[in-house]
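Coordinates in review
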Amino acid sequence: MRGVILALAILVLPLGGCGDINWNDNGGGGGFDEGPSNSGNKYVAGTITPSPSESFPKDTQVIARLVDRANGDVLAEERIDLPKRGFPVAFQLRYDKDQIKERRTYDVEARVRVKGKLKWITKQRHPVITQGNPVCNLNVIVEPN
């Protein structure tokens, strides 16, 4: 049974979904465990979608970040070159659970750069991890800057 769950986790994690894995906090820091070899690491996962829907050129990069709202620190970042298929773009932000303080708030924010210029950003908050907020199946909306 454990092998089946591990196989499912390997298939599901890159897609940014929750699957049947226990995503609850197992000792602090929210998120879901990466595995026994890196037990201090957790993930926040989801997709980034533009609103309104838009076509983007090949020179587009999507940046997802996990941000500590108390001090603005970026705890994790993923840069994704826009795939040919376009949006939505799946992301996984790996962070160290020891950096998470239960009383603080954390957000996922996203940016879209076209030819190096910032064109789209998150304008709404997308709280995660603490205070009952989700860690997976997030739908982060970006809007024109």
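Before reading further, recall that the structure is shown in the block above.
Calculation notes
Residues numbered from 1 in each chain as written. Predicted model: local features only at pLDDT ≥ 70, side-chain atom pairs only at ≥ 80, totals over all residues. Heavy atoms only, no water. Helix = DSSP H or I, 4+ residues; strand = E, 2+ residues; numbered from the N terminus. Buried < 20%, exposed > 50% of the residue type's maximum accessible area, 1.4 Å probe, protein only. Contact = heavy atoms within 4.5 Å. Areas by Shrake-Rupley, 256 points an atom, 1.4 Å probe, with all protein chains shown as cover. Core = buried A, V, L, I, M, F, W, Y, C linked by side-chain atoms within 4.5 Å. Pairing = 2+ DSSP bridges. Phe/Tyr/Trp six-rings, centres within 6.5 Å; stacked < 30°, edge-to-face > 60°.

Examining the overall build of the chain
Counting its regular elements, the chain contains one helix and nine strands. Its helices and strands taken in sequence order, the chain reads α-β-β-β-β-β-β-β-β-β from the N to the C terminus. When each of the 145 residues of the chain is scored for burial, the buried share is 41%. Pairs at least 24 apart in sequence give 61% of the contacts found in the chain among residues at least 6 apart. Accessible area of the chain: about 8,300 Å², with a carbon and sulfur share of 48%.

Some points on the nonpolar core
The biggest cluster of nonpolar side chains holds 29 residues, and the ones touching the most others in it are Ile 48, Leu 66 and Phe 91. The set of elements that each furnish at least two residues to this core consists of strand E2 (41-50), strand E3 (60-68), strand E4 (74-81), strand E5 (89-96), strand E6 (106-114) and strand E9 (138-144). Every residue in contact with Leu 66, bar those within four places of it in the chain, is listed here: Asp 73, Val 74, Leu 75, Ala 76, Leu 93, Tyr 95, Tyr 106, Asp 107, Val 128 and Ile 129.

Here's the deal with the pairing of E4
With seven bridges joining them, E3 and E4 adopt antiparallel strand pairing. Bridging from a neighbouring strand, Arg 65 pairs with Glu 77 of E4. Hairpin connection, E3 to E4: the antiparallel pair is bridged by five residues, and Gly 72 has positive phi, about 80°.

Quick look at unusual backbone geometry
Residue Ser 51 is joined to Pro 52 through a cis peptide bond whose omega torsion reads 0°. Along the polypeptide, Pro 52 turns up in the loop between E2 and E3. Backbone geometry at Ile 129 places phi at a positive 75°, although glycine is not the residue there. With respect to the helices and strands, Ile 129 occurs in the loop between strand E8 (127-128) and E9. By relative accessible area, which is 9% here, Ile 129 ends up buried.

Let's talk about the packing of aromatic side chains
According to the stated counting rule, one finds two aromatic pairs in the structure shown. Ring centres 5.3 Å apart and planes at 70° place the aromatic pair Phe 56 and Trp 120 in the edge-to-face group. Separated by 64 residues along the polypeptide, Phe 56 in the loop between E2 and E3 and Trp 120 in strand E7 (residues 117-121) bring together distant segments of the chain. Trp 120 matches Phe 56 in its accessibility class, with the two residues each being buried. One aromatic cluster is present, formed by Phe 56, Phe 87 and Trp 120 through successive ring pairs.

Some points on the environment of Tyr 95
Within the secondary structure, Tyr 95 is located in strand E5. Counting along the chain gives 53 residues from Tyr 95 to Lys 42, while the straight-line C-alpha distance between them is 5.4 Å.

Considering the pairing of E2
Of all 10 residues in E2, eight are buried, a share of seventy percent or more. As paired elements, E2 and E5 share eight bridges and run antiparallel to each other. Residue pairing in the sheet places Thr 47 in a bridge with Ala 90 of E5.

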